[in-house]
Amino acid sequence: MNASDAAAAGQGEDLPAVAPQLRALRRRAGLTLEAAARDAGLSPAHLSRLETGQRQPSLPMLLALARIYGTTVSELLGERVADQNAIVRAADMDPTPAAGWTYFQAGAPGRGMQALRVHAPYGAQGDIVRVHPGEEWLYVLKGRLRLRLGDATHLLAPGDSAHFDSLTPHRLAAEDPDGVELLFVHTLLQSPTAALCLGHLNGELP
């Protein structure tokens, strides 16, 4: 078992069974077991065990397989996206506070992406570095955002946007005393808003 297989074996215990979908979606994509496993960084034997229900995939693996098969995590999990309401009304966007920020769910649940409207007050979460699988896109609505991506720092004004790999260590902070308002989309599978920040890595990104 390689390192990716070992990590996958221990991280997917709480995810719904996906075996009924995986083989059909791989075949629909026209991929052999060996080709799909190679693209996902797995052994063919491990992918076979996923397809037969002997193993459960981790979240990073679900994201990788969804991209390889040209689908969404929701479809991998067997959810019927067509049954979901495509419209989210402003009145239904209840605020959720998390570590000083305020999040409003701007997208439907059960999707392969999570869409949020975010208010970040000045000074909140200034010492938190985020690192997680997937991609992120953000758009500044109001105020200015200081975005640290790896070793580079960027100052974003209203109308500016950023799109980056979430495995790049990143830090977001409001530049102005009135805070910053953002539109935010990321490819995490329905993580609670409080779990968007995966750890305090003080001192690594000053």
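Before reading further, recall that the structure is shown in the block above.
Let us look at the structure shown here. (Residues numbered from 1 in each chain as written. Predicted model: local features only at pLDDT ≥ 70, side-chain atom pairs only at ≥ 80, totals over all residues. Heavy atoms only, no water.)

As a further point, take the overall build of the protein. Regarding its fold elements, the protein presents six helices and nine strands. Of the contacts made within the protein by residues no fewer than 6 positions apart, 68% connect residues no fewer than 24 positions apart. When the accessible surface of the protein is split by element, carbon and sulfur atoms take 53% of a total near 10400 Å². (Helix = DSSP H or I, 4+ residues; strand = E, 2+ residues; numbered from the N terminus. Contact = heavy atoms within 4.5 Å. Areas by Shrake-Rupley, 256 points an atom, 1.4 Å probe, with all protein chains shown as cover.)

According to the stated counting rule, one finds two aromatic pairs in the structure shown. Above the plane of the ring of F104 lies R117, whose end atom (NZ or CZ) is 4.2 Å from the centre. (Phe/Tyr/Trp six-rings, centres within 6.5 Å; stacked < 30°, edge-to-face > 60°. Lys NZ or Arg CZ within 6 Å of the ring centre and 35° of its normal.)

Relative to the helices and strands, G53 resides in the loop between α4 (44-51) and α5 (59-68). Given the relative accessible area of 39%, G53 is considered partly exposed. As a C-alpha pair, G53 and P20 span 33 residues in sequence and 8.1 Å in three-dimensional space. (Buried < 20%, exposed > 50% of the residue type's maximum accessible area, 1.4 Å probe, protein only.)

Time to look at the packing of helix α2 (residues 19-28) against α4. Direction vectors running N to C along α2 and α4 enclose 125 degrees, while the axes themselves pass 7 Å from each other. Looking at the two axes, α2 sits oblique to α4. Contacts from A19, L22, R23 and R26 in α2 reach L47, L50 and E51 in α4. (Axes fitted to C-alpha atoms, helices over the stretch in contact; angles between N-to-C directions. Parallel < 35°, antiparallel > 145°, perpendicular 65-115°, else oblique.)

Bringing the environment of G100 into the picture now. Mapped onto the secondary structure, G100 falls in the loop between β1 (95-98) and β2 (101-105). The class of G100 is partly exposed, set by a relative accessible area of 46%. Expressed as a C-alpha distance, the spacing of G100 and P121, which sit 21 residues apart in the sequence, is 7.1 Å.

Time to look at the pattern of salt bridges. For side chains bearing opposite charge, pairing can occur when the charged atoms are close. What the rule picks out here adds up to five salt bridges. The partner of E51 in a salt bridge is R23, and the shortest N-O contact between them spans 3.2 Å. Here E51, found in helix α4, pairs with R23, found in helix α2; they are 28 residues apart in sequence, far enough to count as distant. Assessed through its relative accessible area of 31%, R23 is described here as partly exposed. Among the salt bridges present, the one from E175 reaches R146, with a minimum N-O distance of 2.8 Å. Linking E175 in the loop between β8 (170-174) and β9 (180-186) with R146 in strand β5 (residues 145-149), this pair joins segments that are 29 residues apart in sequence. Taking the relative accessible area as the measure of exposure, E175 reaches 24% and is therefore partly exposed. Through salt bridges with shared partners, a single network forms among R23, R26 and E51. (Salt bridge = Lys/Arg side-chain N within 4 Å of Asp/Glu carboxyl O.)

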